[in-house]
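Letter by letter, the chains look like this.
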Amino acid sequence: MRRVTFEYPEESILCWTPRMPEVSAAANAVSLMMPFLEPFVARSIRSTIVDLPPELADQARWLIDQEVSHQRQHRRFNKLLCSEVPGLVRTEKMMRWFFRRFESAASRKLAVSLSAGAETVAFSMARWTERHSNELFMDADPVITTLFMWHLAEEVEHKTVAFDVHRATGGSRFQYLVGALLALIVLGWFTVIGSLTILRAQRRLRNPVSWWRLTRWAFSLAFEVLPNVFAAAMKSHHPSEIADPISLVAWLRLYDEETQSIPLWWRPSSLSA
Ligand SMILES: [Fe+2]
Ligand SMILES: [Fe+2]
């Protein structure tokens, strides 16, 4: 377990990617969801631990620890965000309402399949973000960039666990597919709602460049996520067969246990370009 904390900048975090403001809008919307999604994933996986073989139970505990740590860092970030954009409090309320209702209504099997699906989406996002990181993070705030990359790197690290838990508790490939598609709809919907609120605060809601960029990234991301979802639903496929993004994994190894810190993620600067 890595215990990292981030000291966020004192100035506005509404647009921490000045060259690509839409990245801030979408990433902040994803961050807003984390304190609702990740505790849901943690609780659904925790409910299976008694039924898991010892080695997988240990991995499940490790995943839970990591998710709890992720959402804790995002919660601090989101507090700053909501103080800048009060409209986001309403978005948070919608997220809280949805995850509470879903959790109380869904069977354990459905909750675990949604968690496994959400984990595949997170892992795919890590691969996509690493590949596009130079375009996305040019001149971006280094600490906030590091928050997101640290989170994504740990998603890569535990990419197989929720899938294995789903399979070990009797989940079928079809149920996984249903959970993954449901996860995509829920995550996509809340990301769109949050992004629109932030774009309005950035005064970019009617900007055609913003719409063009977001549409382009959404299609590009879909080409990464959907093949991974459908592959994992196929017989004999396992998420471990999908290659890890190398630079993320290598960077994570630079974590210093003594100082409980990780080097800032390298991002290009227009000044040195
Ligand atoms: Fe996470
Ligand atoms: Fe995760």
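Residues numbered from 1 in each chain as written. Chains lettered and ligands numbered in written order. Predicted model: local features only at pLDDT ≥ 70, side-chain atom pairs only at ≥ 80, totals over all residues.

Draft legend 1. Quick look at the overall build of the protein. When its secondary structure is counted, the protein shows nine helices and zero strands. Along the protein, helices (α) and strands (β) appear in the sequence α-α-α-α-α-α-α-α-α when read from the amino end. A compact globule built from 273 residues should have a C-alpha radius of gyration of about 19 Å, and the protein, at 18 Å, falls within 12% of that. Oriented by its inertia axes, the alpha-carbon framework of the protein measures out at about 50 × 40 × 30 Å. Considering the protein as a whole, with its 273 residues, one finds that 39% of them fall into the buried category. Nonlocal contacts in the protein, meaning residues at least 24 apart in sequence, comprise 88% of its contacts between residues at least 6 apart. (Helix = DSSP H or I, 4+ residues; strand = E, 2+ residues; numbered from the N terminus. Rg over C-alpha atoms; globule rule 2.2 N^0.38 Å. Buried ≥ 20, exposed ≤ 12 C-beta atoms within 10 Å, placed from the backbone. Contact = placed C-beta atoms within 7 Å.)

Draft legend 2. View of the nonpolar core. In this structure, Met33, Ile45 and Ala118 are the most contacted members of the largest nonpolar core, which totals 64 residues. Sorting the residues of this core by element identifies helix H1 (21–46), helix H2 (54–84), helix H3 (88–105), helix H4 (108–136), helix H5 (142–157), helix H6 (161–168), helix H7 (173–201) and helix H8 (208–232) as the ones contributing at least two each. Ignoring anything within four residues of it in the chain, the contact list for Ile45 reads Ala60, Leu63, Ile64, Ser115, Ala162 and Val165. (Core = buried A, V, L, I, M, F, W, Y, C linked by C-beta atoms within 7 Å.)

Draft legend 3. Broad picture of the environment of Phe77. Tracing the backbone shows Phe77 in helix H2. Here the alpha-carbon distance between Phe77 and Ile13, two residues 64 residues apart in the chain, equals 8.8 Å. With residues near it in sequence (within four places) discarded, Phe77 still touches Tyr8, Ser31 and Leu147.

Draft legend 4. Up close: H1. The end-to-end C-alpha distance of H1, which contains 26 residues, comes to 37 Å, matching closely the 38 Å that a straight helix rising 1.5 Å per residue would cover. Bending of H1 peaks at approximately 50° at the position of Met34, with proline Pro35 no more than four residues after it. Of all the 26 residues making up H1, 22 are buried; the element is thus mostly covered by neighbouring parts of the structure. (Expected span 1.5 Å × (residues − 1). Bend = angle between axes of the 7 residues up to and from the residue.)

Draft legend 5. Structural view of unusual backbone geometry. In the Ramachandran plot, Arg203 falls in the positive-phi region, its phi being about 60° despite a non-glycine side chain. Take Arg203: it is sitting in the loop between H7 and H8. Here Gln260, not a glycine, exhibits a phi torsion of approximately 50°, which is positive. For Gln260, the position within the fold is in the segment after helix H9 (246–252).

Draft legend 6. Broad picture of the packing of H4 against H7. One way to put it is that H4 packs onto H7 with a least axis distance of 7 Å and a crossing angle of 65°. Seen along the crossing, H4 lies across H7 with a hand that is right-handed. The segment H4 lies against H7, with Lys109, Leu110, Ser113, Leu114, Ala116, Gly117, Ala118, Thr120 and Val121 engaging Gln175, Tyr176, Val178, Gly179, Ala180, Leu182, Ala183, Leu184 and Leu187. A breakdown of the residues in the contact of H4 with H7 according to their chemical character gives 12 nonpolar, five polar and one charged. (Axes fitted to C-alpha atoms, helices over the stretch in contact; angles between N-to-C directions. Left-handed = near helix turned anticlockwise from the far one by under 90°. Nonpolar A, V, L, I, M, F, W, Y, C, P; charged D, E, K, R; others polar.)

Draft legend 7. View of the environment of Leu199. Tracing the sequence through the fold places Leu199 in helix H7. With 177 residues separating them in the primary sequence, Leu199 and Glu22 have C-alpha atoms 7.3 Å apart.

Draft legend 8. Seen up close, the packing of H2 against H6. Contact pair H2 / H6: the axes reach a minimum separation of 10 Å and the direction vectors enclose 135°. In terms of their interaxial angle, H2 and H6 are classed as oblique. You can see that H2 and H6 cross each other, and the crossing is left-handed. Each of Leu56, Gln59, Ala60 and Leu63 in H2 lies in contact with H6, whose residues at this interface are Val161, Ala162, Asp164, Val165 and Ala168. Here the contact of H2 with H6 is built from residues that sort into seven nonpolar, one polar and one charged. (Parallel < 35°, antiparallel > 145°, perpendicular 65-115°, else oblique.)

Draft legend 9. Quick look at the environment of Glu154. Here Glu154 shows up in helix H5. Accessibility expressed as a C-beta count within 10 Å gives 22 for Glu154, which makes it buried. For the pair Glu154 and Leu63, spaced 91 residues apart in sequence, the C-alpha separation works out to 9.1 Å. Sequence-distant contacts of Glu154, defined by excluding residues within four places in its chain, comprise Gln66 and His70.

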